[in-house]
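Take a look at the letters that make up each chain.
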Protein chains: 2
Amino acid sequence: MTHPLLAELAAQLPASALVTDPEKLAPRLVDERRKLHGSTLAMALPGSTEEAALIVQRCVAHGVPIVPQAGNTGLVGGATPMGDKVLLMACDRLNQVRQVDAEGYTMTVEAGCTLDEIRATAAEANRLFPLWLGSSTSARVGGLIGTNAGGLQVLRYGNMRDLVLGVEAVLADGHIYRGLHNLRKRNVGYDIAQLMIGAEGTLGFITAASLRLLPSEQGRATAMVALPDAAAALGLFTHAKAEVGEVLTAFEYIGKAALEVMTAQHGEVPQPFTPLPNCAVLIALSGSQPDNILEDRLTQLLMTASCEDAVLAQDGSQTEALWALRELIPSAQRRAGPSIKQDLALPIGAIPAFIEEAAQLVAARLPEATPVVFGHMGDGNLHYNLGLAQDADVANCEAISNEVLFDLVAKYGGDISAEHGIGRFRVAAADDRHDPVARALMRKIKASLDPQGLFNPGVLI
Amino acid sequence: MTHPLLAELAAQLPASALVTDPEKLAPRLVDERRKLHGSTLAMALPGSTEEAALIVQRCVAHGVPIVPQAGNTGLVGGATPMGDKVLLMACDRLNQVRQVDAEGYTMTVEAGCTLDEIRATAAEANRLFPLWLGSSTSARVGGLIGTNAGGLQVLRYGNMRDLVLGVEAVLADGHIYRGLHNLRKRNVGYDIAQLMIGAEGTLGFITAASLRLLPSEQGRATAMVALPDAAAALGLFTHAKAEVGEVLTAFEYIGKAALEVMTAQHGEVPQPFTPLPNCAVLIALSGSQPDNILEDRLTQLLMTASCEDAVLAQDGSQTEALWALRELIPSAQRRAGPSIKQDLALPIGAIPAFIEEAAQLVAARLPEATPVVFGHMGDGNLHYNLGLAQDADVANCEAISNEVLFDLVAKYGGDISAEHGIGRFRVAAADDRHDPVARALMRKIKASLDPQGLFNPGVLI
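What this report covers is the structure whose coordinates are included nearby. Everything numeric in this text was worked out from a predicted model, so none of it was measured. (Residues numbered from 1 in each chain as written. Chains lettered and ligands numbered in written order. Predicted model: local features only at pLDDT ≥ 70, side-chain atom pairs only at ≥ 80, totals over all residues. Heavy atoms only, no water.)

When helices and strands are tallied, chain A shows 17 helices and 19 strands. The globule rule puts the C-alpha radius of gyration for 461 residues at 23 Å, and the 23 Å found for chain A is close to it. When its C-alpha atoms are laid out on the principal axes, chain A stretches across 65 × 55 × 45 Å. A buried classification covers 63% of the 461 residues belonging to chain A. Restricting the contact set of chain A to residue pairs at least 6 apart, pairs at least 24 apart contribute 74%. For chain A, the computed accessible surface area is about 15,800 Å², with 51% contributed by carbon and sulfur atoms. (Helix = DSSP H or I, 4+ residues; strand = E, 2+ residues; numbered from the N terminus. Rg over C-alpha atoms; globule rule 2.2 N^0.38 Å. Buried < 20%, exposed > 50% of the residue type's maximum accessible area, 1.4 Å probe, protein only. Contact = heavy atoms within 4.5 Å. Areas by Shrake-Rupley, 256 points an atom, 1.4 Å probe, with all protein chains shown as cover.)

Set out below in structure tokens:
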């Protein structure tokens, strides 16, 4: 412990709050996509808001940068410390549920609670915390807020931005911002919580949040639909919005290549359609009505739509099998070999034309790549990934993929990130492609709240 | 035109963009509650984003403060220019609908469109813009965003914060921030739109916004319910959330004194209950199901709840009559004499105890005042107004009302404004009662984006 900061922290914090053992640090220094291999001075693990404030205050005094890390499940390299002069600050020990107000449909939880934990806590109070995504066992509240997490039910319930009422955070000047509250409506000035959401740890260290809860779902109906193309999927979406809008919880698009890679890598998950269709859509309805009424509504919807084929889940295990077809696509891609991940935002109506034009451009510029296209169609969020051969030059392919696809999303009025964020991997693209006025405005805000630039340098801006 | 700014603006803008005629200015210099009587150098009315930028740039050059004004329907004095060295800047001429994307459920409208206009535009495309409030004929988009407007359907559809995707605005340095987009999800840095929403015109002049649209409602069911007290109303709310959560569009509480003042001042609006109950609740369901199904669901809900009496609207005119009982309360109070308006935010579960305790405190401290209590119970938003005698010392009563009620909301974890905002009337209370860290943070943001302090000085911070 040579750095004076570490001696100070060791003197003032419990032993469990400071980790320097390289073995314990190792998994924290690699990002989810294994593209970054970082290093750090040490990892601080505050067990209370006051401990978090102390850590930040000492870092401010020593000018030591801080990289906040939560579940380390992010996909844009936003939580990996890159250098042994940087302190990694994690929220694992901030793991208390502070309050559940079932009557008021809110709860207050600390930043280190996992998504599964807070969903279970809500369920115990007969309430729903509706955010749902693949990494729910590891993703933690602090990271969900920092990245404005989305996932599989944004269409119905919004993303994290729509579910956070207030935050508690240690600011870059070491002060504690105490913004927790259980109020659905509150107009008392600039919404500091909204500024921290999606800020990717660049404005402070979130210690706790007040979250909205919703009524528990009484019923659910799930179907997988085979369709000739993305235009038909868009038609089905438009029909579904009109017919079952307020109970339409998920509308996930899965292109043929994604179905193929699933079959090749996870053959044990049953594919409902033989031969594989050009595309499939997973639709879920849920709400206050029981299963049978929602199943009737879904059946009625599909009967009046033009689909090639459809299967309605008859029980919980069939529902899980249908969801597995969607949720296991990323792991199937991982098993199949190198790949490039994209997280494109598009106006929903532009998706069919985009998919067609992107396929032509990728075939021309990266003929060796296979577009594996799936995503949250109802949110205009397309994971336009590319599967590559084992010996591919991934970095070069990624550069070409970014150039081609980012140009094309811009043409359609879309953007380079819908839910993953900017992190380290998209900073250059944001600087190149976004309105300089918007980037300058972000830098002004950053400079005013973190004039030393201590929080997550190199990320976002 | 003695001020050099006016000569410059007159030379560079069309005649319709600059108003100095005192008669035309007069209605713009008084606030909705007629508490402020202001003055101004002139009123600028940009007809395009570029004209708006020019006006701001000239004001920056001359150091002339700007007060943005939209429909002038705000209730906290946030849009009244107070001094003849201040330029009033209004959005009336920015009145174009730029785009409606029905497939993508978005539209882009200029800041001067009224709420009624944009609701009608959405309806023409078979879509719903769900914000709904009493001043919908006059309230304009710029003001709805600046104040994060709420109203009668927040419970279901959220307030303006939940409905804005992006904004276009002239910043305090004269640059145009071009943040319009039709994307449901977009994680590309600090959310500048969210920062401008509820900023009450202190960070720039909003020229246009991209808004979320929803599916048109296919059916609606409305009932008025008589209940013994607020605790019973809370019980009904809890029951309704569980049974019909996703189609529960409004849950409005009306206390007995509010029913009485309605009867006294608007006797032509039929009261469904004789004698008047201790309180009434207006419940509305709406969604993709037809009227008859929603009416069945509402009837079922009320049969399984403990209400004293209930009437279900049988047709559109009965629905309107029930809503009139709620919507005409403010005008009934105006007719009845002087009054004090409050806009309290409370945890929903705390409302019954708050109402009881507030009644005792008001009786002790302001025995001459009548609490006229109503509001958006489902949002935890109580308009705890006080009716006063004709010869009352309103300012003194208001000071006592604020002291008593603001202390009490704090005790219950509430706040001093749910939807009206801070404006001029609540700045001192916010400075006194809110966390100094939060207020300092807002001042830092303001100073970094508007270092000269030109935008709406004296408002919010």
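To continue, consider the sheet that holds strand β5 (residues 97-101) of chain A. All names here are of chain A. Ordered in space as β5-β6-β10-β8-β9, the 5 strands form an open sheet in which the pairing is antiparallel. Sheet topology places β5 and β9 (176-178) at the edges, where each strand pairs with a single neighbour. Across this sheet, the average inter-strand angle for adjacent strands is 15 degrees, counted without regard to direction. Of the strand pairs in this sheet, β5 and strand β6 (residues 106-110) are connected by 4 bridges, and their pairing is antiparallel. Bridge pairing in β6 links Asp101 to Thr106. (Pairing = 2+ DSSP bridges. Axes fitted to C-alpha atoms, helices over the stretch in contact; angles between N-to-C directions.)

So, about helix α17 (residues 436-449) of chain B. Across its 14 residues, α17 of chain B extends 20 Å between first and last C-alpha, which sits within 8% of the 20 Å expected from 1.5 Å per residue. Three or more residues of α17 of chain B are buried, namely Val437, Ala438, Arg439, Leu441, Met442, Ile445, Lys446, Ser448 and Leu449 of chain B. The secondary structure elements touched by the buried residues of α17 of chain B are β8 (164-171), β9, α8 (192-196) and α17 (436-449) of chain A together with α8 (192-196) and α16 (427-433) of chain B. Capping of α17 of chain B at its N-terminal end is provided by Asp435 of chain B; its side-chain oxygen lies 3.0 Å from the backbone amide nitrogen of Val437 of chain B. (Expected span 1.5 Å × (residues − 1). Polar contact = N/O pair within 3.5 Å; in protein donor to acceptor, adjacent residues only side chain to side chain.)

A word on the interface of chain B and chain A. Listed as interface residues are 83 residues of chain B and, on the opposing side, 83 residues of chain A. Here chain B meets chain A over a buried area of about 6,700 Å², counting both sides, of which 57% is carbon and sulfur. Taken as a group, Lys185, Asn187 and Tyr190 of chain B account for 16% of the area that chain B buries against chain A, more than any other trio of residues on that side. Here chain B is connected to chain A by 11 salt bridges. A salt bridge links Asp191 of chain B to Arg161 of chain A; the shortest N-O distance between them is 3.4 Å. Our enumeration of links across chain B and chain A arrives at 32 residue pairs in polar contact (both at pLDDT 80 or more). Among the secondary structure elements, those contributing two or more residues to the side of chain B that touches chain A are α6 (154-157), α7 (160-163), β9 (176-178), α8, α9 (230-244) and α17 of chain B. At 10 residues, the largest contribution of residues to the side of chain B that touches chain A is made by α17 of chain B. The class makeup of the residues in the side of chain B that touches chain A is 32 nonpolar, 28 polar and 23 charged. (Buried area = accessible area lost by both parts, 1.4 Å probe. Salt bridge = Lys/Arg side-chain N within 4 Å of Asp/Glu carboxyl O. Nonpolar A, V, L, I, M, F, W, Y, C, P; charged D, E, K, R; others polar.)

A word on unusual backbone geometry. All names here are of chain A. The peptide bond linking Thr274 to Pro275 adopts the cis configuration, its omega dihedral lying at -10 degrees. As for its position among the elements, Pro275 is in the loop between α10 (256-265) and β14 (279-287). The residue Arg34 is not glycine, and still its phi comes out positive at about 60 degrees. For Arg34, the location among the structural elements is in the loop between α2 (22-25) and β2 (42-44). Look at Tyr105: it is not a glycine, yet its phi comes out positive at around 60 degrees. By the secondary structure assignment, Tyr105 is in the loop between β5 and β6.

As a further point, take empty space enclosed by the protein. Applying the stated criterion across every chain, the model contains 7 cavities of 30 Å³ or more. For the largest cavity, the calculated volume is near 840 Å³. Along the walls of the largest cavity sit 42 residues, with Arg156, Tyr157 and Glu246 of chain A together with Arg156 and Tyr157 of chain B positioned nearest its centre. Counting only elements with at least two residues in the lining of the largest cavity, the list comes to α6 (154-157), α7 (160-163), β11 (214-215) and α9 (230-244) of chain A together with α6, α7, β11 (214-215) and α9 of chain B. Counted as a void, the second largest cavity has a volume near 150 Å³. Lining the second largest cavity are 15 residues, with Lys241 and Ile348 of chain A together with Gly104, Tyr105 and Arg184 of chain B positioned closest to its centre. Tallied by class, residues from the lining of the second largest cavity come to 8 nonpolar, 4 polar and 3 charged. (1 Å grid on protein atoms, 1.4 Å probe; cavity = no way out; pocket = protein on both sides within 12 Å on 5 of 7 lines; lining within 4 Å. Points joined across faces, edges and corners; volume = space filled by probe spheres on them.)

On to the pattern of salt bridges, then. Residues and elements named next belong to chain A. Counted according to the given criterion, the structure contains 47 salt bridges over all chains. Between Lys446 and Asp450 there is a salt bridge, with its nearest N and O atoms 2.7 Å apart. Neither residue differs from the other here; Lys446 and Asp450 are each classed as buried. Connected via shared salt-bridge partners are Arg28, Asp92 and Arg140.

Here we take up the relation of the copies chain B and chain A. Taken as rigid bodies, chain B and chain A are interconverted by a rotation of 180 degrees and an axial shift of 0.0 Å, the fit giving an RMSD of 0.0 Å. Seen this way, the second copy is the image of the first under a two-fold rotation axis. Counting the interface residues of chain B, we find that 100% of their copies in chain A are interface residues as well, pointing to one common contact surface. (Least-squares fit on C-alpha atoms with pLDDT ≥ 70 in both.)

Take the sheet that holds strand β2 (residues 42-44) of chain B next. Residue and element names in this part refer to chain B. An order of β1-β2-β4-β3 is seen for the 4 strands of this open sheet, with the pairing classed as mixed. On the outer flanks of this sheet lie β1 (18-19) and β3 (66-69), each paired with one strand and no other. For β3 and strand β4 (residues 87-90), the ladder comprises 4 bridges, and the chain directions are parallel. Along β4, the bridge assignment pairs Val67 with Leu88. Strands β2, β3 and β4 of the sheet are contacted by helix α3 (residues 49-62), whose axis makes an angle of about 165 degrees with β4.

A full pass over the atoms with the stated rule returns 8 aromatic pairs over all chains. Taken together, a centroid distance of 5.9 Å and an interplanar angle of 90 degrees make the contact between Phe354 of chain A and Tyr384 of chain A edge-to-face. Of this pair, Phe354 of chain A sits in helix α14 (residues 351-365) while Tyr384 of chain A sits in strand β19 (residues 381-387), placing them 30 residues apart in sequence. Assessed through its relative accessible area of 0%, Phe354 of chain A is described here as buried. In textbook terms, an aromatic cluster arises when at least three aromatic residues are bridged by ring pairs, as seen for Phe354, Tyr384 and Tyr412 of chain A. Over the face of the ring belonging to Tyr105 of chain B we find Arg127 of chain B, whose NZ or CZ atom lies 4.1 Å from the ring centre. (Phe/Tyr/Trp six-rings, centres within 6.5 Å; stacked < 30°, edge-to-face > 60°. Lys NZ or Arg CZ within 6 Å of the ring centre and 35° of its normal.)

What follows deals with the nonpolar core. Core analysis: the largest hydrophobic core is formed by 260 residues, its most contacted members being Phe129 and Ile283 of chain A together with Phe129, Ile283 and Phe354 of chain B. In this structure Phe354 of chain B touches Leu344, Leu346, Leu382, Tyr384, Leu405, Leu408, Val409 and Tyr412 of chain B, once residues within four positions along its chain are discounted. (Core = buried A, V, L, I, M, F, W, Y, C linked by side-chain atoms within 4.5 Å.)

Before going further, it helps to examine the side chain of Gln333 of chain B. Within the fold, Gln333 of chain B resides in helix α13 (residues 329-336). Apart from residues lying up to four places away in sequence, Gln333 of chain B is in contact with Val261, Ser339, Val372, Phe374, Asn385, Leu386 and Gly387 of chain B.

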